[in-house]
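Geometric and topological summary
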Amino acid sequence: SQTIHQWPATLVQPVGSPLSLECTVEGTSNPNLYWYRQAAGRGLQLLFYSVGIGQISSEVPQNLSASRPQDRQFILSSKKLLLSDSGFYLCAWKAGFSYNEQFFGPGTRLTVL
Amino acid sequence: QQPVQSPQAVILREGEDAVINCSSSKALYSVHWYRQKHGEAPVFLMILLKGGEQKGHDKISASFNEKKQQSSLYLTASQLSYSGTYFCGTHNTGSSNTGKLIFGQGTTLQVKP
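Residues numbered from 1 in each chain as written. Chains lettered and ligands numbered in written order. Predicted model: local features only at pLDDT ≥ 70, side-chain atom pairs only at ≥ 80, totals over all residues. Heavy atoms only, no water.

1. Some words on the overall build of chain A
Tallying secondary structure elements over chain A gives zero helices and 11 strands in all. In chain A, the succession of helices and strands from N to C terminus is β-β-β-β-β-β-β-β-β-β-β. Its C-alpha atoms give chain A a radius of gyration of 13 Å, within 12% of the compact-globule value 13 Å for 113 residues. If one aligns the C-alpha atoms of chain A with their principal axes, the spans along those axes are about 40 × 25 × 20 Å. Within chain A, the fraction of its 113 residues that count as buried is 50%. Sequence-distant contacts in chain A: of pairs separated by 6 or more residues, those separated by 24 or more amount to 54%. Here chain A displays about 5200 Å² of accessible surface, and carbon together with sulfur accounts for 55% of that area. Distance between charge centres in chain A, computed from 8 positive and 6 negative side chains, equals 8 Å. (Helix = DSSP H or I, 4+ residues; strand = E, 2+ residues; numbered from the N terminus. Rg over C-alpha atoms; globule rule 2.2 N^0.38 Å. Buried < 20%, exposed > 50% of the residue type's maximum accessible area, 1.4 Å probe, protein only. Contact = heavy atoms within 4.5 Å. Areas by Shrake-Rupley, 256 points an atom, 1.4 Å probe, with all protein chains shown as cover. Lys, Arg positive; Asp, Glu negative; His and termini not counted. Charge placed at Lys NZ, Arg CZ, Asp CG, Glu CD.)

Now the structure itself:
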């Protein structure tokens, strides 16, 4: 069966510090991968998605970036965090080219102080 | 274009019914429904792929009217476990290879004993 992992689970970082969040998927190959951010009490905002290794599409211009160095690994990064980057970051995967459902990881709660 | 959900919030007593609506201004190919408990990741409920399709399991069902570009989620004889925030996610026609979902702002459902 497939599982999706995210770490860390929680993170408190000062403004201006770098960020690296990791997401890995097990039990499937060539998944589509997604990064979402959810501000407190708000909806799900799609940040990046990837349909293959090294292929990244950005949905929202900001100081975040994403990379997919391996088939089942998706990384969200920032060189300098802003207060507005605080939120709940969710990684999700979907089986390849289809209208299948997305499965979400447990999320990382980021607080920027 | 983000789909619009209504109502924004609803409070029920156990055993009562509720309907959550999701409308889009763009043509839709599919609609996904998710439920998110506080502090947790969204969990997939169901996907509707065809116009007029109706799906359901247990006491939660949904319909999709492709012509009207809207979907409704029906919760029958609500239980305490139904509490949470419900999101619809929409696929616009032509986005099958990316699997991109645009989520509504969410509907918070609270079921009281």
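Right, picking up where we left off after that structure.
2. Describing the interface of chain A and chain B
Interface size, as often reported, equals the accessible area lost upon joining of the parts. On the side of chain B, 25 residues touch chain A, which itself brings 24 residues to the contact. Around 1800 Å² of area is buried between chain A and chain B when both sides are counted, 63% of it from carbon and sulfur atoms. Seen at the junction of chain A and chain B, the total is one salt bridge. The tally of links between chain A and chain B comes to three residue pairs in polar contact (both at pLDDT 80 or more). Taken together, the elements giving at least two residues each to the side of chain A that touches chain B come down to β4 (31-38), β5 (45-52) and β9 (87-95) of chain A. It is β4(A) that contributes the most residues to the side of chain A that touches chain B, four residues altogether. (Buried area = accessible area lost by both parts, 1.4 Å probe. Salt bridge = Lys/Arg side-chain N within 4 Å of Asp/Glu carboxyl O. Polar contact = N/O pair within 3.5 Å; in protein donor to acceptor, adjacent residues only side chain to side chain.)

3. What to know about the nonpolar core
If you look at the biggest cluster of nonpolar residues, it comprises 21 residues, and the most contacted ones within it are B:Trp33, B:Met46, B:Leu73, B:Leu75, B:Tyr82, B:Tyr86 and B:Leu109. Going through the elements one at a time, β2 (9-13), β3 (18-23), β4 (28-36), β5 (43-48), β7 (60-65), β8 (70-75), β9 (84-92) and β11 (107-112) of chain B are the ones with two or more residues in this core. By size, the runner-up hydrophobic cluster in this structure holds 20 residues, among which are A:Leu11, A:Trp35, A:Tyr89 and A:Leu110. (Core = buried A, V, L, I, M, F, W, Y, C linked by side-chain atoms within 4.5 Å.)

4. Comments concerning the state of the cysteines
Following the criterion strictly, the structure yields two disulfides over all chains and no others. Across the disulfide, A:Cys23 is cross-linked to A:Cys91 (sulfur-sulfur distance 2.0 Å). Between A:Cys23 and A:Cys91 the disulfide shows an S-S torsion of about -70°. By sign, it is left-handed. Residue A:Cys23 is found in strand β3 (residues 19-26), and its partner A:Cys91 is found in strand β9; the two are separated by 68 residues along the sequence. With a relative accessible area of 1%, A:Cys23 lands in the buried category. Note on cysteine connectivity: B:Cys22 is disulfide-linked to B:Cys88, with sulfurs 2.0 Å apart. The chirality of the disulfide connecting B:Cys22 with B:Cys88 is right-handed, given an S-S dihedral of about 75°. (Disulfide = S-S within 2.5 Å.)

5. Points about the pattern of salt bridges
Counted by the stated rule, this structure contains three salt bridges over all chains. Between A:Glu59 and B:Lys100 there is a salt bridge, with its nearest N and O atoms 3.3 Å apart. Residue A:Glu59 is located in the loop between β6 (55-58) and β7 (64-70), and its partner B:Lys100 is located in the loop between β9 and β10 (102-103); the two belong to separate chains. On the accessibility criterion, A:Glu59 (30% relative accessible area) is partly exposed.

6. Brief notes about the sheet that holds β7(A)
Residue and element names in this part refer to chain A. The four strands are arranged β1-β3-β8-β7 in an open sheet whose pairing can be described as antiparallel. On the outer flanks of this sheet lie β1 (3-7) and β7, each paired with one strand and no other. Put simply, the sheet's adjacent strands are angled 20° from each other on average, direction ignored. Bridge count for β1 against β3 is five bridges, and the pairing is antiparallel. Looking at the pairing, Thr-3 lines up with Glu-26 of β3. (Pairing = 2+ DSSP bridges. Axes fitted to C-alpha atoms, helices over the stretch in contact; angles between N-to-C directions.)

7. What about the pairing of β8(B)?
All names here are of chain B. Bridge count between β3 and β8: six bridges; the pairing is antiparallel. Looking at the pairing, Cys-22 lines up with Ser-71 of β8. Once β7 ends, the chain turns through four residues before running back antiparallel as β8, passing Gln-69 with a positive phi of about 55°.

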